[in-house]
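Structural overview
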Amino acid sequence: MDLILIHYLPSPSVCLRVHNLGKLDFGGVRNAVFVKSLNSSLGELDTIVKVRYLINRGPWQSRWKFLHQTLRGDLQYGNNFPAFSLHMLLCPLIREKRLHVPQVDRIPEEPPPRLVTIVGPPGVGKTTLLKSLVKRYAKETLSDPQGPITVVTSKKQRLMFVECPNELEAMVDMAKVADIVLLMIDGNFGFEMETMEFLNILTTTGMPGNVFGILTHLDLFRKPQTLKDAKKRLKNRFWSELYQGAHLFYLSGVINGRYPDREIHNLSRFISVMKNPRPLIWRNSHPYTIIDSFRDVTHPTRIEEDAKCDRTVVLSGYLRGTNFAAQGQRVHIPGLGDCTISTIEALPDPCPTPFMDQAMAKASGKTGRRRLDEKEKKLHAPMSDKSGLKIDGDTIWITREKGFNFDADADDDERGEGEELMVGLQGERKILGQTEEGVRLFSDGGAIKNIDEDTGRKQQRFARFVERDRESGDELVDDEGFVSGEELDPGDETEITEDKLGKAFREVPDGEEEDVAFADSDSDLGSISGDEDIDSDDSDGDSDDASGDGDFRWKENILETAQKLHERKNSYRTADLAKLMYDESLTPAEVLSRWRAEIEEEDIEESDDETFFKKSGREKADELDEDRAIPRFDYEELKERWSVGENIEALRRRFATADLLKEKEKAAKDDDSDVETGDEDEDDEGDGEFQDLETGEEHKPDDIEAEREKNARRKEELKLRFEEEDREGFNNDKAQARREGGNEEEFGEDDWYDSQKAQIQKQLDINKAEFDSLDETQRVGVEGYRAGVYAKIIIEGIASEFVDRFNARIPIIIGGLSPTEDRFGFVQIRIKRHRWHKKILKTNDPLIFSMGWRRFQTMPIYSTSDSRTRNRMLKYTPEHTHCFGTFYGPLIAPRSGFTCYQSFSSKNPGFRVAATGTVLDVDESTEIVKKLKLTGTPYKIFKNTAFIKDMFTTSLEIAKFEGASIKTVSGIRGQIKRALSKPEGHFRATFEDKILMSDIVFLRAWYPIRPHRFYNPVTNLIGWEGMRLTGEVRRDQNLPTPQQKNSAYKLVERATRHFNPLRVPRALAAELPYKSQITQMKKQSKPTYMQKRAVVVGGEEKKARDLMQKLKTLRNEKVAKRRVAKEEKRKVYRKKVAENAEKREEREKKERQDYWRKEGKKRRATLSASPEQPRLALQNVPTPTPGPNDLTVTLHACALNHRDLFLRQHLYPSPSFTTPLFADGYGIVTSIGSSASKSWLGKAVILAPGRGWKDSPEGPESPTGLAILGGTSSCPLGTGQDVVCVHEDDVEEAPKHLSSAEAAALPLTGLTGWRALVTKSGNAQAGRNILVTGIGGGVALNVLQFAVGLRANVYVTSGNEEKLQKAKNMGAKGGVNYKSDSWEKDLKKQLPRDRPYLDAIIDGAGGNIIAKATRLLKVGGVVAQYGMTVGPKMDWTMNAVLLNLELKGSTMGSRKEFKDMVAFVDEKKIKPIVSKVVKGLDNITEIESLFDEMKSGSQFGKLVIEITQDSSSKL
């Protein structure tokens, strides 16, 4: 007979036949079915025992052993399987289901109010339900409930209600903090999208455990059967979405603006009796709070100066979760961002429970009530309109329907307190409580007319504490039923008589006149309870004595009374010592004196008014002896007492250093046994041989056995000490038995579970006892602010939009962050697209994550694992399964859940939860690869060897892939061998068979990719706009989708194939069967009737056709008119769209400029850290072919500009590595296009350096702006090559007096200087004084030459005296060194006396030129700025405004200005200055030296490259 083990897997069941039961191993079985069969066939099953067992360490081996023995015995003795064995196996499993991993219970003794969230779509009745619940609990009506509302529901319980608005951001936040969820559903409509979204969010963030469904609008059902069916259908769907048996309540209709009281009562009972569910891990490990009060405490002066200044706000609420740090707590406010708490302060609880009030009353000695009275049903709703009173920050709003005009003399009208306050404010100015009869402070009190100066208290009053009876200190019973008006039983209260009162409370006889005698102590005041007298025997005898001596009974036996009071006091308090030790203003001697109460502490809070009542010297002495923290002792007596050895030994046993082992041995021996005393009982330090220098005694080394015995004694002592300290925890019988080697069958995993809970509880008790011993200030500093405390949180540096856009209906949550969560890195996740989300998710598309407290937008990369070898990137998320994802964001603990959204907008009609998942790992790096497929073609084939081209570009790339496997499309495998010397990028490969020339060879490779470091927090509280998808951007900007040339579908043109007709031989056709014989009909000689008949329209049909034709004509005319009208409207719309596009383009251009200005700084900083530049490379390209209007120019020379250096340093926008460098070029026209002028052929020309600017004086006409030649993607043309094709309008004939190097140095710098001098400055005239700064650069030298040619007086600045001298030789009137602090004064001395000022400044440096210009320029002078090499910003001073100076920016110039400049150079025979010339484009080393020289700024003039014509190449 065989035993069959069926192990259920996700796949179909796998059956294993086990012949030897003794060798069966159950260690890895999780879910199994054991089947006993009479034979090996599965068709004859006798008995089936189903076991579901969660294997745990410890007792599972014993249960499998029992099962093994039972089954083996059953197989041996028969087929009757024991019935009790199944019960014995399943009972522990049922108990096992109830157990969870033990967690630390962080619920404080005074827990915060339980958070009840009301969630539902709009119009479902959330506000009505909130009003009904508040009316049920607090007996108050809120007209406009807003924000969190806290109510007291029983003696020990409070609830905080929050209405969740219909915004996805709020639903996401509330799902993370809600304790109870009231999910409202429109019963007449059914489940809506918002409800399903919130349920999915709850599932991911952690189900709170208490989710109630509430059906509303049930009064709209007319038929009872329809209502019953709807309830059943909605209940089944609700159970399927949540869990079976979930509570569903029904609210029939609305009566007087609220739901029926009975239905609300049932709902409130369920809410009140709900137990605290198992805490969620996230809430149990993070501090958080939900804000119910908000105030802006920014100084008004700052707001007046700058309305957009950062604000300081105060947020108040009940603390929850773990403890908030006392200082520097990092928090995250969803919708606002990460913040640091500036100050946190505990406030009095605004809505305490009666239990808390009773505890305070018990501590203060007052009696408390046993029932929740109407007055104790408190309500805390600072953001709501409570009884016409609303508190908004520092403003109090009082609402009254009839206005605020009152008749003060009308006594008939009943007014409330608020109305009486308004009447008093509108009347004449009087002091508070002043009437015509006098001053009345209370409504039921008498009016005060005269003030007696002799009356009043002469001495400060003392506080009295009265203890309650033990009988009245019973546990308070939770009263949720709100039985109002119930009073205490008369017997419960202690009778208070005049005999039990002191002298201060007794009536004075009429005939006696004496001063008021104030009680100096509580004894004089008497005893309320009658049980607090210290000496009860004496008080009975003197209770009837009313004489003067009896009034001061408290003074009798004052010494004994002081001694008894002294016994109750704690001396040498640690808290006071800690405060004094850290007080820097006190010396150590003063600290010790104050701790011993030898010096009385000064009351710094005592005011001058409180010094009226001063005590006599005797009273101070009495209080000093009675109330001091440390009493006075007889130190001689103490010294004599502690000199006795027995007393010291008894004291020593009270500490952990006691020798417990000796006590144990002493107790074990008989009373008459001798106890050895000597060296063995003393310390056991060391074991070597040494001599005591003081006593001269020599010690011999101990032997090994003695050392071992000593170590054994030490271990035994430590064990006894641990058991002594742990007497209540684990030092029980079972623990001792387990240590002594008891059987494992005796104890199960339940005991282990209880032990774990006991260990956690013990640690909590230790922590609580330790913290209770500290002072409150010290406890807050160490432990932080505990949960349940109502605290005020002050946060500074909040954006002003948070205050301006504050909405009380949006919940504000403050969540604490751990140090790990404040770091950023790459997060690996497991993610799955939600099955209800319509679109699949694409890699690198922006996605909003809700993870932890944060909501942020990032760009994830999806991937999958290829057989655990690599993490391969996925372009899209897979269908119906999980995949991996990686993104950059804040780090979070693994196994944390999250939800994803593409947009929070409510305009999205679909399901907005895009994906869900969990965090797998967090790391600073990631490894994701993407497949790379390289293709090439053979161009030479030698048997199994072939030369492959077009796969690589350089030999270095081939060297990296040597030995890699390649394959042809036809399936022939091969391998890369070596790179060929020539041509570059070709290699030799071998294949397993000969390939063809038509074969395509491809290489599969992988290259790593990294996610973008993009993190955009969702700040919806201050205004937020997330990154849009590319399609959305194109749709908003009306941009067409670019068509990739290789991705476009091409029309396949196939030649029409003509097939010959089927011809069957007659002999074969005759032998065919009848069904297969070929039948052919002869062509008819005459047309048939159907072919030759004519259709004649007449009668009704003709009229109908005529009518339809007329109707179509009219309709076509209307359609044409409508089309014209629509076209007119479209023109207006297109015009508006064009204007918006133009404005958008200007804004984006400005943003681009700002971005590159900032990016330039960053890259410049990066360059300074690593000054390496991209290397120059010479490439061979095909000779370009000219177009119809193009000219082919063979370049002879090109020149460098600073923009070329910036391009190599990545400081210039839109760099391109495929476009040749340089914008200046000179060459000879070698060929022309078909439509170009033939006069250009053979002429020397210079190229215009810009495109898109024809003749406008304001700026480029092109909507994309000016495009400059060389190195950028905006213009794919550069002069760093042999041959170039340009349009005939983009060249000018070179002046004949210039050499090739001089002509190449002219275009860009000459055009820039010409526009700055002639067009912008407006002072290019003879006799004008012009300053050119930074002489030595190309533009500055050209400006100097042009101004000299125009006979203007030119002055220059430079930091090099040699350059100044060269400029003077070129015609400059003077020059100064700008490194001098007062160079403007030196320059002013050089100006002519008849014109001692400058007319214009041509500047390219920036910096502080405006401040210098105000001292040199004339009124209305011009500063023409063509560059800012010093920095991207300039200061514009007030002096420049008063002098009416003009600052004009200038960038290169138009095509017309370029033509004028060349003509002027030709006319004046101006030769540009050339600093250095390098010959040949292939001379890379010398060209690099030109860049180095430009970078250092040592050149004087242009740097030129003379190009050699050896091949078609470009740089």
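Description of the structure in this document. Values in this document were obtained by computation on a predicted structure and should not be read as measured data.

Within the open sheet, the seven strands sit side by side as S10-S9-S8-S5-S7-S6-S16. Their pairing is mixed. Only two strands of the sheet have a single neighbouring strand rather than two, namely strand S10 (248-250) and strand S16 (379-380). As paired strands, strand S8 (residues 180-186) and strand S9 (residues 210-216) are joined by seven bridges and run parallel to one another. Within the sheet, the bridge partner assigned to Val181 lies in S9 and is Val211. Lying on the sheet, helix H3 (residues 126-138) is in contact with strand S5 (114-119), strand S6 (149-152), strand S7 (158-163), S8, S9 and S16; it crosses S7 at an angle near 160°.

Attention now moves to the packing of helix H33 (residues 1307-1321) against helix H39 (residues 1455-1468). One can describe the packing of H33 onto H39 by two numbers: an axis separation of 9 Å at closest approach and a directional angle of 100°. When the axes of H33 and H39 are compared, the pair comes out roughly perpendicular. Contacts from Pro1307, Gly1310, Leu1311, Trp1314, Arg1315 and Thr1319 of H33 reach H39 at Glu1457, Phe1458, Asp1460, Met1461 and Phe1464. Looking at the contact of H33 with H39 residue by residue, the classes come out as six nonpolar, two polar and three charged.

By the bridge criterion, nine bridges tie strand S31 (residues 928-942) to strand S36 (residues 1001-1009) in an arrangement that is antiparallel. Its bridge partner being in S36, Lys930 is matched across the sheet by Tyr1007. Pairing geometry for strand S33 (residues 965-968) and S36, over two bridges, is antiparallel. If you follow Thr968 over to S36, its bridge partner there is Val1001.

Let's shift gears to the pairing of strand S50 (residues 1417-1425). For strand S49 (residues 1398-1403) and S50, the ladder comprises five bridges, and the chain directions are parallel. In the strand pairing of S50, Ile1402 is matched with Ala1424. Pairing of S50 with strand S51 (residues 1446-1449), which is carried by four bridges, proceeds in the parallel orientation. Counterpart to Val1422 in the pairing with S51 is Glu1446.

Counted according to the given criterion, the structure contains 47 salt bridges. Its salt-bridge partner being Arg870, residue Asp866 comes within 3.9 Å of it at the nearest N-O pair. The class for Asp866 is buried, based on a relative accessible area of 16%. Ionic pairing is found between Arg1395 and Asp1399, a salt bridge with its closest N-O pair at 2.7 Å.

Criteria and cut-off values
- Residues numbered from 1 in each chain as written.
- Predicted model: local features only at pLDDT ≥ 70, side-chain atom pairs only at ≥ 80, totals over all residues.
- Heavy atoms only, no water.
- Pairing = 2+ DSSP bridges.
- Helix = DSSP H or I, 4+ residues; strand = E, 2+ residues; numbered from the N terminus.
- Contact = heavy atoms within 4.5 Å.
- Axes fitted to C-alpha atoms, helices over the stretch in contact; angles between N-to-C directions.
- Parallel < 35°, antiparallel > 145°, perpendicular 65-115°, else oblique.
- Nonpolar A, V, L, I, M, F, W, Y, C, P; charged D, E, K, R; others polar.
- Salt bridge = Lys/Arg side-chain N within 4 Å of Asp/Glu carboxyl O.
- Buried < 20%, exposed > 50% of the residue type's maximum accessible area, 1.4 Å probe, protein only.

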